[in-house]
Amino acid sequence: MHEPRPIFRDASGASSTSTLGAGSPRLLKEAQVRDLTTLSRITRWRMIRSGTFPKPIKISTGRIAWRESEVLTWLASKTETAA
């Protein structure tokens, strides 16, 4: 049997684990998305509303997260256009 895969990493790099399988998507908390993109919360929500930033998923009451793959794809598209 395999070890649980890390799902969340905090700013220090520490991770918590989940019993989700290896094919499960990694989820990013809001602070992680902010750190990756350098976009403020308000700017991200405006971009989500306009369809130019990935939508978060609701993972529980009062808790949302972004799929890491979607955020990284968005970020790659922005760095390609800036180059």
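Shown above is the structure to which this text applies.
Each value, and the rule that gives it
Residues numbered from 1 in each chain as written. Predicted model: local features only at pLDDT ≥ 70, side-chain atom pairs only at ≥ 80, totals over all residues. Heavy atoms only, no water. Salt bridge = Lys/Arg side-chain N within 4 Å of Asp/Glu carboxyl O. Buried < 20%, exposed > 50% of the residue type's maximum accessible area, 1.4 Å probe, protein only. Pairing = 2+ DSSP bridges. Helix = DSSP H or I, 4+ residues; strand = E, 2+ residues; numbered from the N terminus. Contact = heavy atoms within 4.5 Å. Core = buried A, V, L, I, M, F, W, Y, C linked by side-chain atoms within 4.5 Å. Polar contact = N/O pair within 3.5 Å; in protein donor to acceptor, adjacent residues only side chain to side chain. Arc of directions from axis to C-beta.

**Digging into the pattern of salt bridges**
Moving on, step 1. Inspection of the entire model under this criterion finds four salt bridges.
Moving on, step 2. Taking the shortest distance from any N to any O, the salt bridge between R34 and D35 comes out at 3.5 Å.
Moving on, step 3. The class for D35 is partly exposed, based on a relative accessible area of 47%.

**Some thoughts on the pairing of strand β4 (residues 57–60)**
Moving on, step 1. When β4 meets strand β5 (residues 63–67), the two strands line up antiparallel, connected through three bridges. Paired with K58 across the bridge in β5 is I64.
Moving on, step 2. Counted between consecutive antiparallel strands, the loop separating β4 from β5 contains two residues, among which G62 sits at a positive phi close to 75°.

**A closer look at the pairing of β5**
Moving on, step 1. The sheet contact formed by strand β3 (residues 27–28) and β5 spans two bridges and is antiparallel. When the bridges of β5 are listed, L27 appears paired with R67.

**Regarding the sheet that holds β5**
Moving on, step 1. Read across the open sheet, the three strands follow the order β3-β5-β4; overall the sheet is antiparallel. In the strand order of this sheet, the two ends are held by β3 and β4, each with one partner.

**Quick look at the environment of L36**
Moving on, step 1. Here L36 is to be found in helix α1 (residues 30–37).
Moving on, step 2. By relative accessible area, which is 35% here, L36 ends up partly exposed.
Moving on, step 3. Taking C-alpha positions, L36 is 8.6 Å from L72, a pair spaced 36 residues apart along the chain.
Moving on, step 4. Not counting the four nearest positions on each side in its chain, L36 is found in contact with L28, V71, L72 and L75.

**Thoughts on the nonpolar core**
Moving on, step 1. By size, the foremost hydrophobic cluster in this structure holds nine residues: L28, V33, L39, M47, I48, F53, W66, V71 and W74.
Moving on, step 2. Broken down by secondary-structure element, the contributors of at least two residues to this core are α2 (41–50) and α3 (68–82).
Moving on, step 3. Apart from the residues within four sequence positions on either side, L39 is in contact with R34, R44, M47, F53 and W74.

**A word on the side chain of T37**
Moving on, step 1. Residue placement: T37 occurs in helix α1.
Moving on, step 2. What makes T37 buried here is its relative accessible area of 8%.
Moving on, step 3. A distance of 3.2 Å separates a polar atom in the side chain of T37 from the backbone nitrogen of L39.

**Details of α1**
Moving on, step 1. The complete set of buried residues in α1 reads Q32, V33 and T37. When α1 is viewed along its axis, its buried side chains cluster within an angular range of 115° and face the same direction.
Moving on, step 2. Among the residues trailing α1, T38 stands out with phi positive, at a value near 65°.

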